[in-house]
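As a plain string of letters, each chain reads:
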Amino acid sequence: MASTATARVFSLGAAMGRAAAASCAASSSSSSSLKANPFCTLAPQQPSAPLDMKSYLWKRYNEAKKVTKDLVPSIMSNLLNPDAIFSNNEMSLSDVEIYGFDYDYTLVFYSKHLHTLIFNAARDLLVNEHRYPAEIRKYDYDPNFAIRGLHYDVHRALLMKIDAFHYIQLGTVYRGLNVVPDDEVIAMYDGSHVPLEQMSDFYGKSSQGNTMKQFMDIFSLPEMTLLSCVNEYFLKNNIDYEPVHLYKDVKDSIRDVHIKGIMYSAIEADIEKYICYAEQTRAVLAKLAEHGKKMFLITNSPSSFVPFRKVNERGVLLWDKIHELQKGQIYKQGNLYEFLKLTGWRGSKVLYFGDHIYSDLADLTLKHGWRTGAIIPELRTEIKIMNTERYIQTMTWLQTLTGLLEHMQVHKDPDSQLILQEWKKERKEMRELTRNFFNSQFGSLFRTDQNPTYFLRRLSRFADVYMASLSCLLNYDHDYTFYPRRTPLQHELPTWSDQLCTGNNLVPQMLVR
């Protein structure tokens, strides 16, 4: 249990602050009053220039690099816990009486074979029903191409990663299977910012004039890959086509794989191949039942205005009027408002888990006050990458180098500017390397080069807590309270970074259970 087995996690940002602090201390002992600290937000002051600026700057560089290298073992002894639950909003499980669950990628996980099945089935529907060239069958599903949370420009047929401020991450814009040069992207969008009216709507869709579609659920990975493959075929063969029609045809084909039963028939025919059994999920449900918690499973329904109908043991829909939802019974059709009317389950006593930030969580938290938990399977993989020595070395030095650039930019002489350009080039190369740690095309699900992704922005807004899987609940007591870490705002940083600038290693630490 979390109460007896606490996993201590060292804040990487704070650790990098320690490197900066040592660098500051070294700088303060020199003739310069400038403090090369990436966390020091004091207004930089123009130092009295040393006689040999080259020697001065490279000395600061080498000192910072040595401190960073010496710090890595300390960080390696305090790694992130991949099975932790992370909190965006304070929430006590003692207040939760009712637990609700989505089905796909929440209670049940699928093997890698399912995405290949969806891709192949939708590709065949494009050929057989939409009369696309049979040659597109030569494209196979690549599970390493796309990540969740990407945006697709429907009119330009471009797949890209956008940050929380609507800026495109250059180097992550793909036309077909090939990256679009940065200068071409900047020319198309008059910069790298996507105006609000062009962004996807509130639920990530391209509707009512919005030209961007955001792909948020795990099932969308085959759809993004299929779009890119067909785009690639048309481009390679110089075929003139309308991107909007292609988007709609691929969208319809993916939809038909689901609603025509192609996917479900294949799963039923070979359950062992497609479904990953999760014994720990059963343990979670048993634990909740042991503590007297009510539970329900509810998934998306197209029946917006149809009341619930009871299903008997043979799967037949009954005509009885439903006055209450009975324990152990299965109901079909219905909608969320009907569910709330029949159960009276409103407010923070309900905690609902799902993997789709929009369709599973957004309305529940915004309109009905339910507490929400996002299941993000990719989280476990990314944390394991973040715990590697190579990643920690790279990120620690990247942040320290950024701090050096920020505070040494006041030196305007030609020699200093040449050195700063070298550092900027190194920083650019390191940022590209950092992206490749996760996904070669698009990088991390949660970050662009310097900002949170648009995906993380929505996750932070609509999920009280998030985790890799429901099994993470087994690490916590049934009455545990989740407290979000107080992340300093930019104008709050000097309250502790001023001390870092003086060389005092007062580094805040973070505990995560």
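Everything discussed here concerns the structure shown above.
Presented here is an overview of the structure given in this document.

What counts and what doesn't
- Residues numbered from 1 in each chain as written.
- Predicted model: local features only at pLDDT ≥ 70, side-chain atom pairs only at ≥ 80, totals over all residues.
- Heavy atoms only, no water.
- Salt bridge = Lys/Arg side-chain N within 4 Å of Asp/Glu carboxyl O.
- Helix = DSSP H or I, 4+ residues; strand = E, 2+ residues; numbered from the N terminus.
- Phe/Tyr/Trp six-rings, centres within 6.5 Å; stacked < 30°, edge-to-face > 60°.
- Buried < 20%, exposed > 50% of the residue type's maximum accessible area, 1.4 Å probe, protein only.
- Lys NZ or Arg CZ within 6 Å of the ring centre and 35° of its normal.
- Core = buried A, V, L, I, M, F, W, Y, C linked by side-chain atoms within 4.5 Å.
- Contact = heavy atoms within 4.5 Å.
- Pairing = 2+ DSSP bridges.
- Axes fitted to C-alpha atoms, helices over the stretch in contact; angles between N-to-C directions.

Things to note about the pattern of salt bridges
Step number 1: The final tally for this structure, using the stated rule, is 20 salt bridges.
Step number 2: Between Lys 66 and Asp 70 there is a salt bridge whose closest N-O contact spans 3.0 Å. Note that Lys 66 and Asp 70 are positioned in helix H2 (residues 53-76) at a spacing of four residues, about one turn of the helix.
Step number 3: With a closest N to O distance of 3.1 Å, Asp 153 and Arg 156 form a salt bridge.

What about the packing of aromatic side chains?
Step number 1: The tally for this structure, following the rule as stated, stands at 34 aromatic pairs.
Step number 2: Each ring, one from Tyr 152 and one from Phe 215, has its centre 6.5 Å from the other, and the planes form 65 degrees; the classification is edge-to-face. Of this pair, Tyr 152 sits in strand S6 (residues 151-153) while Phe 215 sits in the loop between strand S10 (212-214) and helix H5 (220-236), and the two are 63 residues apart along the sequence.
Step number 3: Phe 215 sits in the buried class, given a relative accessible area of 1%.
Step number 4: Ring centres 4.9 Å apart and planes at 45 degrees place the aromatic pair Phe 296 and Phe 339 in the tilted group. With Phe 296 in strand S12 (residues 294-297) and Phe 339 in helix H10 (residues 336-343), the pair connects residues that are 43 residues apart, well separated along the chain.
Step number 5: Residue classification places Phe 339 among the buried positions, given a relative accessible area of 6%.
Step number 6: Members of the aromatic cluster, connected to one another through ring pairs, are Phe 296, Phe 339, Trp 345, Tyr 352 and Trp 370.
Step number 7: Across from the ring centre of Tyr 189, 4.4 Å away, lies the NZ or CZ of Arg 156, which sits over that ring.

With respect to the nonpolar core
Step number 1: Counting residues in hydrophobic clusters, the biggest one holds 113 residues, and the most contacted among them are Leu 114, Phe 353, Ile 376 and Leu 459.
Step number 2: Sorting elements by how many residues they give to this core places helix H3 (residues 113-128) first, with nine residues.
Step number 3: Apart from the residues within four sequence positions on either side, Leu 114 is in contact with Tyr 105, Phe 219, Met 263, Ile 267 and Tyr 274.
Step number 4: If you look at the next biggest cluster of nonpolar residues, it comprises 19 residues, including Leu 401, Leu 405, Leu 420 and Trp 423.

Examining the sheet that holds strand S15 (residues 350-354)
Step number 1: If you walk across this open sheet you meet the six strands as S2-S17-S16-S15-S4-S12, and the pairing is mixed. Edge positions in the sheet fall to strand S2 (86-87) and S12, since each has one partner strand and no second.
Step number 2: Pairing analysis gives four bridges linking strand S4 (residues 98-101) to S12, with the strands arranged parallel. Bridged to Gly 100 within S12 is Phe 296.
Step number 3: Across the sheet, helix H11 (residues 357-368) touches S15 and strand S16 (371-375), and the angle it forms with S15 is around 160 degrees.

The values are spatial; any link to function lies outside them.
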